[in-house]
Amino acid sequence: MENDIVIGRVDWTQILYVFTFGAMAVCMALESFFPRREMQRSLLWRWTNNFSLALLTWYLMTVISALLVVYIAQLGVARGIGLLPAVGAGPVVSFIVLLLVAELANYGIHRAYHSIPLLWPIHAIHHTDVDVDVSTSYRHHPLEPFITLPVMTPLVLLLGAPVEAVMAYKVCEIGMAVFTHSNIRLPGWLDQALRPVLVTPDFHRLHHCSQREFTDSNYGGVLPWFDYLFGTASRRPYDEQESMELGLEYQREPVDSRLDHMLVAPFTAGRGVGQQQARAD
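**Focus: the environment of Leu186**
In this structure, Leu186 sits in the loop between helix H7 (163-181) and helix H8 (188-194). Note on Leu186: relative accessible area 12%, which makes it buried. Sequence spacing of Leu186 and Phe34 is 152 residues, and the spatial spacing of their C-alpha atoms is 8.2 Å. Sequence-distant contacts of Leu186, that is, excluding residues within four places in its chain, are made with Phe179, Leu194, Thr200, Pro201 and Tyr238.

**Focus on the packing of helix H4 (residues 91-115) against helix H5 (residues 120-127)**
As a packed pair, H4 and H5 sit with axes 7 Å apart at the nearest point and diverge in direction by 100 degrees. Judged on the interaxial angle alone, H5 and H4 are roughly perpendicular. Contacts from His110, Tyr113 and His114 of H4 reach H5 at Trp120, His123 and His127. When its residues are assigned to classes, the contact of H4 with H5 shows 2 nonpolar, 4 polar and no charged.

**Some details on the pattern of salt bridges**
In the structure shown here, the tally under the stated rule is 14 salt bridges. Residue Glu242 pairs with Arg36 through a salt bridge whose shortest N-O separation is 3.3 Å. You can see Glu242 sitting in the loop between helix H11 (225-230) and helix H12 (259-264) and its partner Arg36 sitting in the loop between helix H1 (12-33) and helix H2 (43-78), a full 206 residues away along the chain. On the basis of relative accessibility, which here comes to 39%, the residue Glu242 falls in the partly exposed class. The class for Arg36 is buried, based on a relative accessible area of 2%. Here Arg46 and Asp129 are joined by a salt bridge, their closest N and O atoms 2.8 Å apart. Residue Arg46 is found in helix H2, and its partner Asp129 is found in the loop between H5 and helix H6 (144-159); the two are separated by 83 residues along the sequence. The pair Arg46 / Asp129 is uniform in exposure class, with both members buried. When salt bridges with common partners are traced through the structure, they connect Arg36, Arg185, Asp202, Arg205 and Glu242 into a single cluster.

**Focus: unusual backbone geometry**
A positive phi angle, near 50 degrees, is found at Asn218, a position not held by glycine. With respect to the helices and strands, the residue Asn218 is situated in the loop between helix H10 (212-215) and H11. Accessibility expressed as a relative area gives 0% for Asn218, which makes it buried. The phi angle at Gln251 is positive, at roughly 50 degrees, despite the residue not being glycine. Locating Gln251 in the fold gives a position in the loop between H11 and H12.

**Quick look at H6**
Here H6 spans 23 Å end to end across 16 residues, near enough to the 22 Å set by a 1.5 Å rise per residue. The largest bend along H6 measures about 30 degrees and falls at Pro150. Of all the residues in H6, the buried ones are Glu144, Pro145, Thr148, Leu149, Met152, Thr153, Val156 and Leu159. Downstream of H6 by one or two residues, Gly160 has phi in the positive range, about 70 degrees.

**Overview of the environment of Gly90**
Within the element layout of this structure, Gly90 appears in the loop between helix H3 (83-86) and H4. Taking C-alpha positions, Gly90 is 8.7 Å from Ala161, a pair spaced 71 residues apart along the chain.

**Looking at a nonpolar patch on the surface**
On the surface, Val92, Ile96, Leu100, Val197, Leu198, Trp225 and Tyr228 cluster together into a nonpolar patch covering about 600 Å² of accessible area. Ranked by residues supplied to the nonpolar patch, first place goes to H4 with 3 residues. According to the relative accessible area criterion, Leu198 is partly exposed, its value standing at 30%.

Scoring rules and cut-offs
- Residues numbered from 1 in each chain as written.
- Predicted model: local features only at pLDDT ≥ 70, side-chain atom pairs only at ≥ 80, totals over all residues.
- Heavy atoms only, no water.
- Helix = DSSP H or I, 4+ residues; strand = E, 2+ residues; numbered from the N terminus.
- Buried < 20%, exposed > 50% of the residue type's maximum accessible area, 1.4 Å probe, protein only.
- Contact = heavy atoms within 4.5 Å.
- Axes fitted to C-alpha atoms, helices over the stretch in contact; angles between N-to-C directions.
- Parallel < 35°, antiparallel > 145°, perpendicular 65-115°, else oblique.
- Nonpolar A, V, L, I, M, F, W, Y, C, P; charged D, E, K, R; others polar.
- Salt bridge = Lys/Arg side-chain N within 4 Å of Asp/Glu carboxyl O.
- Expected span 1.5 Å × (residues − 1).
- Bend = angle between axes of the 7 residues up to and from the residue.
- Patch = residues over 30% accessible without salt bridge, like charges linked within 9 Å, V, L, I, M, F, W, Y side chains within 5 Å.
- Areas by Shrake-Rupley, 256 points an atom, 1.4 Å probe, with all protein chains shown as cover.

Structure follows, in C-alpha coordinates:
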(Lines give C-alpha, C1' and ligand atoms only; values in the text may rest on other atoms or scores of the structure.)
Protein backbone atom coordinates (compact mmCIF):
# COMPACT_ATOMS: atom_id res chain seq x y z
CA MET A 1 0.00 0.00 0.00
CA GLU A 2 2.88 2.38 0.72
CA ASN A 3 3.88 2.43 -2.96
CA ASP A 4 0.42 3.76 -3.80
CA ILE A 5 0.66 6.75 -1.45
CA VAL A 6 2.62 8.88 -3.90
CA ILE A 7 1.02 11.90 -5.59
CA GLY A 8 3.13 13.29 -8.37
CA ARG A 9 6.56 13.28 -6.79
CA VAL A 10 5.31 13.57 -3.21
CA ASP A 11 5.88 10.51 -1.02
CA TRP A 12 3.38 10.94 1.80
CA THR A 13 4.87 8.05 3.77
CA GLN A 14 8.17 9.87 4.14
CA ILE A 15 6.35 13.09 5.02
CA LEU A 16 4.60 11.30 7.88
CA TYR A 17 7.86 9.95 9.25
CA VAL A 18 9.72 13.24 9.01
CA PHE A 19 6.87 15.39 10.30
CA THR A 20 6.09 13.15 13.30
CA PHE A 21 9.66 12.91 14.54
CA GLY A 22 10.29 16.56 13.72
CA ALA A 23 7.27 17.64 15.78
CA MET A 24 8.43 15.47 18.67
CA ALA A 25 11.95 16.89 18.54
CA VAL A 26 10.70 20.49 18.54
CA CYS A 27 8.27 19.92 21.42
CA MET A 28 10.90 18.03 23.44
CA ALA A 29 13.25 20.98 23.05
CA LEU A 30 10.53 23.42 24.14
CA GLU A 31 9.71 21.20 27.13
CA SER A 32 13.35 21.40 28.21
CA PHE A 33 13.53 25.18 27.97
CA PHE A 34 9.98 26.09 29.05
CA PRO A 35 8.61 23.28 31.27
CA ARG A 36 5.08 23.68 32.61
CA ARG A 37 5.40 21.15 35.41
CA GLU A 38 8.15 19.40 37.32
CA MET A 39 8.25 15.70 36.44
CA GLN A 40 7.39 13.32 39.30
CA ARG A 41 9.08 10.24 37.87
CA SER A 42 12.48 9.52 36.41
CA LEU A 43 12.58 10.74 32.82
CA LEU A 44 14.66 7.73 31.78
CA TRP A 45 12.14 5.29 33.29
CA ARG A 46 9.14 7.00 31.72
CA TRP A 47 10.68 7.45 28.30
CA THR A 48 11.99 3.88 28.20
CA ASN A 49 8.52 2.45 28.82
CA ASN A 50 6.43 5.07 27.02
CA PHE A 51 8.51 5.04 23.86
CA SER A 52 8.75 1.24 23.94
CA LEU A 53 4.96 1.13 23.87
CA ALA A 54 4.98 3.87 21.25
CA LEU A 55 7.18 1.74 18.99
CA LEU A 56 4.43 -0.89 19.07
CA THR A 57 1.51 1.49 18.59
CA TRP A 58 2.93 4.43 16.63
CA TYR A 59 3.13 2.54 13.34
CA LEU A 60 -0.44 1.33 13.78
CA MET A 61 -1.84 4.66 14.93
CA THR A 62 0.08 7.04 12.72
CA VAL A 63 1.49 5.35 9.67
CA ILE A 64 -0.87 2.47 8.94
CA SER A 65 -4.02 4.38 9.93
CA ALA A 66 -3.03 7.49 7.98
CA LEU A 67 -1.96 5.53 4.92
CA LEU A 68 -5.10 3.41 5.02
CA VAL A 69 -7.27 6.52 5.21
CA VAL A 70 -5.33 8.14 2.35
CA TYR A 71 -5.58 4.92 0.33
CA ILE A 72 -9.35 4.86 0.86
CA ALA A 73 -9.51 8.52 -0.17
CA GLN A 74 -7.62 7.73 -3.38
CA LEU A 75 -9.96 4.83 -4.07
CA GLY A 76 -13.02 6.99 -3.51
CA VAL A 77 -11.76 9.77 -5.77
CA ALA A 78 -10.81 7.29 -8.50
CA ARG A 79 -14.32 5.80 -8.46
CA GLY A 80 -16.15 9.09 -8.07
CA ILE A 81 -17.48 8.24 -4.62
CA GLY A 82 -18.23 10.90 -2.05
CA LEU A 83 -20.36 13.89 -1.14
CA LEU A 84 -17.71 16.59 -1.51
CA PRO A 85 -16.90 15.92 -5.20
CA ALA A 86 -20.63 15.82 -5.90
CA VAL A 87 -21.02 19.43 -4.72
CA GLY A 88 -17.79 20.59 -6.38
CA ALA A 89 -15.88 21.29 -3.16
CA GLY A 90 -12.21 22.15 -3.67
CA PRO A 91 -9.26 21.07 -1.51
CA VAL A 92 -9.59 23.92 1.01
CA VAL A 93 -13.33 23.47 1.58
CA SER A 94 -12.82 19.69 1.66
CA PHE A 95 -10.15 20.06 4.33
CA ILE A 96 -12.40 22.24 6.49
CA VAL A 97 -15.35 19.86 6.18
CA LEU A 98 -13.15 16.83 6.84
CA LEU A 99 -11.61 18.54 9.87
CA LEU A 100 -15.02 19.26 11.38
CA VAL A 101 -16.50 15.83 10.64
CA ALA A 102 -13.40 13.93 11.77
CA GLU A 103 -13.10 15.96 14.96
CA LEU A 104 -16.76 15.31 15.78
CA ALA A 105 -16.23 11.58 15.18
CA ASN A 106 -13.07 11.54 17.28
CA TYR A 107 -14.86 13.43 20.04
CA GLY A 108 -17.60 10.77 20.07
CA ILE A 109 -15.08 7.91 20.03
CA HIS A 110 -13.11 9.50 22.86
CA ARG A 111 -16.22 9.89 25.01
CA ALA A 112 -17.12 6.27 24.26
CA TYR A 113 -13.72 5.14 25.55
CA HIS A 114 -14.49 6.89 28.83
CA SER A 115 -18.05 5.67 29.23
CA ILE A 116 -18.22 2.11 27.83
CA PRO A 117 -16.94 -0.49 30.34
CA LEU A 118 -15.32 -2.70 27.70
CA LEU A 119 -13.41 0.20 26.15
CA TRP A 120 -12.24 2.11 29.20
CA PRO A 121 -9.56 -0.42 30.37
CA ILE A 122 -7.96 -0.18 26.91
CA HIS A 123 -7.90 3.61 26.88
CA ALA A 124 -6.97 3.84 30.57
CA ILE A 125 -3.38 2.92 29.65
CA HIS A 126 -3.08 6.40 28.17
CA HIS A 127 -4.29 7.93 31.44
CA THR A 128 -2.14 5.99 33.91
CA ASP A 129 0.88 8.16 33.14
CA VAL A 130 1.38 10.27 36.28
CA ASP A 131 3.32 12.80 34.22
CA VAL A 132 2.32 14.11 30.81
CA ASP A 133 4.80 15.10 28.13
CA VAL A 134 5.61 14.34 24.49
CA SER A 135 6.17 10.66 25.32
CA THR A 136 2.52 10.41 26.43
CA SER A 137 1.34 11.25 22.90
CA TYR A 138 1.59 7.66 21.69
CA ARG A 139 1.23 5.89 25.02
CA HIS A 140 -1.81 4.02 23.75
CA HIS A 141 -2.65 0.35 23.81
CA PRO A 142 -2.17 -1.31 20.38
CA LEU A 143 -5.86 -2.24 20.32
CA GLU A 144 -7.03 1.37 20.06
CA PRO A 145 -6.42 1.79 16.30
CA PHE A 146 -8.52 -1.30 15.58
CA ILE A 147 -11.45 0.36 17.33
CA THR A 148 -11.01 3.78 15.75
CA LEU A 149 -10.29 2.86 12.13
CA PRO A 150 -13.61 1.07 11.43
CA VAL A 151 -15.35 4.35 12.28
CA MET A 152 -13.05 6.82 10.54
CA THR A 153 -12.42 4.96 7.28
CA PRO A 154 -16.06 4.88 6.09
CA LEU A 155 -16.38 8.59 6.90
CA VAL A 156 -13.49 9.43 4.59
CA LEU A 157 -14.99 7.30 1.83
CA LEU A 158 -18.42 8.89 2.30
CA LEU A 159 -17.02 12.42 2.15
CA GLY A 160 -14.75 11.69 -0.81
CA ALA A 161 -12.23 14.38 0.20
CA PRO A 162 -9.21 14.70 -2.12
CA VAL A 163 -6.04 12.99 -0.96
CA GLU A 164 -4.28 16.31 -0.32
CA ALA A 165 -7.04 17.38 2.08
CA VAL A 166 -6.99 14.03 3.87
CA MET A 167 -3.24 14.08 4.27
CA ALA A 168 -3.30 17.70 5.46
CA TYR A 169 -5.77 16.69 8.15
CA LYS A 170 -3.67 13.70 9.24
CA VAL A 171 -0.55 15.86 9.49
CA CYS A 172 -2.53 18.41 11.52
CA GLU A 173 -3.87 15.65 13.79
CA ILE A 174 -0.41 14.18 14.37
CA GLY A 175 1.18 17.55 15.11
CA MET A 176 -1.57 18.51 17.55
CA ALA A 177 -1.37 15.16 19.37
CA VAL A 178 2.30 15.85 20.10
CA PHE A 179 1.75 19.52 20.96
CA THR A 180 -1.24 19.05 23.28
CA HIS A 181 0.55 16.40 25.34
CA SER A 182 3.77 18.39 25.63
CA ASN A 183 4.92 19.78 28.95
CA ILE A 184 5.28 23.28 27.51
CA ARG A 185 4.49 26.43 29.45
CA LEU A 186 2.43 28.83 27.36
CA PRO A 187 1.95 32.32 28.79
CA GLY A 188 -1.50 32.73 30.31
CA TRP A 189 -2.54 35.33 27.75
CA LEU A 190 -1.52 33.07 24.85
CA ASP A 191 -3.34 30.05 26.29
CA GLN A 192 -6.45 32.19 26.69
CA ALA A 193 -6.16 33.48 23.14
CA LEU A 194 -5.76 30.01 21.63
CA ARG A 195 -8.41 28.13 23.65
CA PRO A 196 -11.41 29.26 21.61
CA VAL A 197 -9.94 27.80 18.42
CA LEU A 198 -7.35 25.15 19.34
CA VAL A 199 -6.75 22.56 22.04
CA THR A 200 -3.82 23.87 24.09
CA PRO A 201 -1.50 21.81 26.32
CA ASP A 202 -3.19 23.26 29.43
CA PHE A 203 -6.65 22.49 28.04
CA HIS A 204 -5.74 18.86 27.33
CA ARG A 205 -3.60 18.36 30.46
CA LEU A 206 -6.74 18.89 32.51
CA HIS A 207 -8.13 15.80 30.76
CA HIS A 208 -5.24 13.91 32.40
CA CYS A 209 -6.03 15.18 35.91
CA SER A 210 -6.69 12.32 38.35
CA GLN A 211 -10.01 13.81 39.50
CA ARG A 212 -12.72 12.11 37.47
CA GLU A 213 -14.70 15.30 36.85
CA PHE A 214 -11.71 16.55 34.86
CA THR A 215 -10.65 13.20 33.39
CA ASP A 216 -14.08 12.96 31.80
CA SER A 217 -13.84 16.37 30.13
CA ASN A 218 -11.88 18.20 27.42
CA TYR A 219 -12.07 15.36 24.89
CA GLY A 220 -11.10 17.41 21.84
CA GLY A 221 -7.94 16.55 19.93
CA VAL A 222 -7.45 19.47 17.56
CA LEU A 223 -10.54 21.63 18.12
CA PRO A 224 -12.19 22.31 21.50
CA TRP A 225 -15.47 23.33 19.87
CA PHE A 226 -17.40 20.13 20.52
CA ASP A 227 -16.45 20.22 24.20
CA TYR A 228 -17.95 23.70 24.35
CA LEU A 229 -20.97 22.64 22.31
CA PHE A 230 -21.78 19.51 24.34
CA GLY A 231 -20.86 20.92 27.75
CA THR A 232 -17.78 18.79 28.42
CA ALA A 233 -15.26 21.64 28.53
CA SER A 234 -13.70 22.31 31.93
CA ARG A 235 -11.08 24.68 33.26
CA ARG A 236 -9.03 25.37 36.37
CA PRO A 237 -7.09 28.49 37.37
CA TYR A 238 -3.87 28.87 35.41
CA ASP A 239 -1.62 28.42 38.47
CA GLU A 240 -3.24 25.11 39.50
CA GLN A 241 -1.83 23.36 36.42
CA GLU A 242 1.52 23.02 38.18
CA SER A 243 0.23 21.32 41.33
CA MET A 244 -2.78 19.24 40.25
CA GLU A 245 -2.32 15.46 40.34
CA LEU A 246 -2.13 13.74 36.96
CA GLY A 247 -2.87 10.13 36.08
CA LEU A 248 -5.73 8.18 37.63
CA GLU A 249 -6.86 7.54 41.18
CA TYR A 250 -5.48 4.01 40.84
CA GLN A 251 -2.65 2.23 39.00
CA ARG A 252 -0.19 4.86 40.20
CA GLU A 253 2.78 2.66 41.07
CA PRO A 254 5.86 2.67 38.79
CA VAL A 255 5.22 -0.97 37.88
CA ASP A 256 1.84 0.05 36.41
CA SER A 257 3.69 2.02 33.74
CA ARG A 258 6.06 -0.79 32.85
CA LEU A 259 5.72 -1.98 29.26
CA ASP A 260 4.59 -5.53 30.00
CA HIS A 261 2.02 -4.33 32.54
CA MET A 262 0.59 -1.76 30.12
CA LEU A 263 0.16 -4.40 27.42
CA VAL A 264 -1.72 -6.89 29.61
CA ALA A 265 -3.56 -4.45 31.91
CA PRO A 266 -6.81 -4.36 29.85
CA PHE A 267 -7.13 -8.14 30.14
CA THR A 268 -6.13 -8.78 33.74
CA ALA A 269 -8.05 -8.27 36.96
CA GLY A 270 -6.11 -6.32 39.52
CA ARG A 271 -5.67 -2.94 41.15
CA GLY A 272 -8.31 -0.46 40.10
CA VAL A 273 -10.92 -2.92 38.79
CA GLY A 274 -13.43 -1.65 41.32
CA GLN A 275 -12.78 1.95 40.29
CA GLN A 276 -13.02 1.05 36.61
CA GLN A 277 -16.39 -0.56 37.21
CA ALA A 278 -17.53 2.47 39.18
CA ARG A 279 -16.88 4.67 36.13
CA ALA A 280 -19.50 2.75 34.19
CA ASP A 281 -22.13 2.76 36.94
